[in-house]
Amino acid sequence: MTELPRVAVVEDNPDNRLLLQALLAGRYQVDEYESGPAALAGITARPPGVVLLDISLPGMDGAEVLRRLRSDDALRPIPVVALTAHAMTGDRERFLGMGFDGYVAKPIIDETLLYDAIERLIARRHEGT
Ligand code: MN
């Protein structure tokens, strides 16, 4: 039996967490976190292959969570995909410029885009590039 890749979902909205769990279950082991501090602790304890990170979180926002992941030697290599409702022109470039490895706009209308983003990053990491 092959172990499913682990994906961390950091999202404060329960409906969005339910949707992501439904889309990802069976393909990945999903760890859900409702806040930045909970995510940092959990990701440290159980490092995932990819993090899906909501930008708009109460308290510590997604940009700060990314900054802390990138400032930790052990966590820095983990690819992080920005999840954001602000699907405006230029956002993709902005988030990639912030250091995110991918970008998925909410609501998630085409789940194949989500799967592609995750698979591309898991594959890239295994190639060691
Ligand atoms: Mn949010």
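All figures in this text were calculated on a predicted structure; none of them were measured in a lab.

Trainee: Just to check I follow, could you spell out the pattern of salt bridges for this structure?
Mentor: Throughout the structure, instances matching the rule amount to 11 salt bridges. The closest approach of N and O atoms between R70 and D101, which form a salt bridge, is 2.8 Å. Here D101 lies in the loop between α4 (91–98) and β5 (102–105) and R70 lies in helix α3 (residues 62–70), a separation of 31 residues in the sequence. Through salt bridges with shared partners, a single network forms among E11, D54 and K106.

Trainee: Before we go on, may I ask you to explain the coordination of the manganese ion in this structure?
Mentor: Around a metal, the idealised angle for a tetrahedral arrangement of four donor atoms is 109.5 degrees; for an octahedral arrangement of six donor atoms it is 90 or 180 degrees. Coordination of the manganese ion by the protein involves D12 (OD), D54 (OD) and S56 (O), with metal-donor separations of 2.1 to 2.2 Å. Spacing between the donor residues of the manganese ion along their common chain follows D-x41-D-x1-S.

Trainee: What's the story with the packing of helix α1 (residues 14–24) against helix α5 (residues 111–127) in this structure? I'm lost.
Mentor: In a pair of packed helices, the angle between the axes and the distance between the axes together describe the arrangement. Interaxial distance between α1 and α5 falls to 11 Å at its minimum, and their mutual angle equals 70°. One finds that α1 runs roughly perpendicular with respect to α5. Across the interface between the two elements, L20, L23 and L24 of α1 pack against E111, L114, Y115 and I118 of α5. Looking at the contact of α1 with α5 residue by residue, the class counts come to 6 nonpolar, no polar and 1 charged.

Trainee: Teacher, can you tell me more about the packing of aromatic side chains here?
Mentor: The description of an aromatic ring pair rests on the distance of the ring centres and on the angle between the ring planes. Evaluation of the coordinates by the stated rule reveals 2 aromatic pairs. Aromatic pair F95 and F100: ring centres 6.1 Å apart, planes at 80°, arrangement edge-to-face. The exposure class of F95 is buried, given its relative accessible area of 2%. A relative accessible area of 3% means that F100 is categorised as buried. Where F95 meets Y103, the ring centres are 5.5 Å apart and the plane angle is 15°; that geometry is what we call stacked. Accessibility expressed as a relative area gives 14% for Y103, which makes it buried. Counting every residue linked through ring pairs, the aromatic cluster contains F95, F100 and Y103. Stacked on the ring of Y115, the Lys or Arg R27 has its end atom at 3.6 Å from the ring centre. One cation-aromatic arrangement involves R94 over F95; the distance from NZ or CZ to the ring centre is 4.7 Å.

Trainee: Please clarify how unusual backbone geometry should be interpreted in this entry.
Mentor: Residues other than glycine predominantly adopt negative phi, and peptide bonds predominantly adopt the trans conformation. The omega torsion of the bond from K106 to P107 falls at 0°, within 30 degrees of zero and hence cis. Position of P107 relative to the elements: it lies in the loop between β5 and α5.

Trainee: Mind showing me how you'd approach the pairing of strand β3 (residues 50–54) here?
Mentor: The two faces of a sheet get side chains in turn, since along a regular strand they alternate between them. Burial analysis of β3 places 5 of its 5 residues in the buried class, which makes it a mostly covered element. Of the two faces of β3, the one carrying V50, L52 and D54 and the one carrying V51 and L53 are both buried. Sheet topology note: the strand β1 (residues 6–10)/β3 ladder contains 4 bridges and is parallel. Each residue of the ladder has a partner; that of V9, found in β3, is L52. Where β3 lies against strand β4 (residues 80–84), 4 bridges are found, and the strand directions are parallel. Counterpart to L52 in the pairing with β4 is V81. Handedness of the β-α-β unit built from β3, α3 and β4 comes out right-handed.

Rules used in this analysis
- Residues numbered from 1 in each chain as written.
- Predicted model: local features only at pLDDT ≥ 70, side-chain atom pairs only at ≥ 80, totals over all residues.
- Heavy atoms only, no water.
- Salt bridge = Lys/Arg side-chain N within 4 Å of Asp/Glu carboxyl O.
- Helix = DSSP H or I, 4+ residues; strand = E, 2+ residues; numbered from the N terminus.
- Donors = N, O, S within 2.8 Å, 3.2 Å for Na, K, Ca; no water.
- Axes fitted to C-alpha atoms, helices over the stretch in contact; angles between N-to-C directions.
- Parallel < 35°, antiparallel > 145°, perpendicular 65-115°, else oblique.
- Contact = heavy atoms within 4.5 Å.
- Nonpolar A, V, L, I, M, F, W, Y, C, P; charged D, E, K, R; others polar.
- Phe/Tyr/Trp six-rings, centres within 6.5 Å; stacked < 30°, edge-to-face > 60°.
- Buried < 20%, exposed > 50% of the residue type's maximum accessible area, 1.4 Å probe, protein only.
- Lys NZ or Arg CZ within 6 Å of the ring centre and 35° of its normal.
- Pairing = 2+ DSSP bridges.
- Right-handed = clockwise from strand over helix to strand, strands pointing away.

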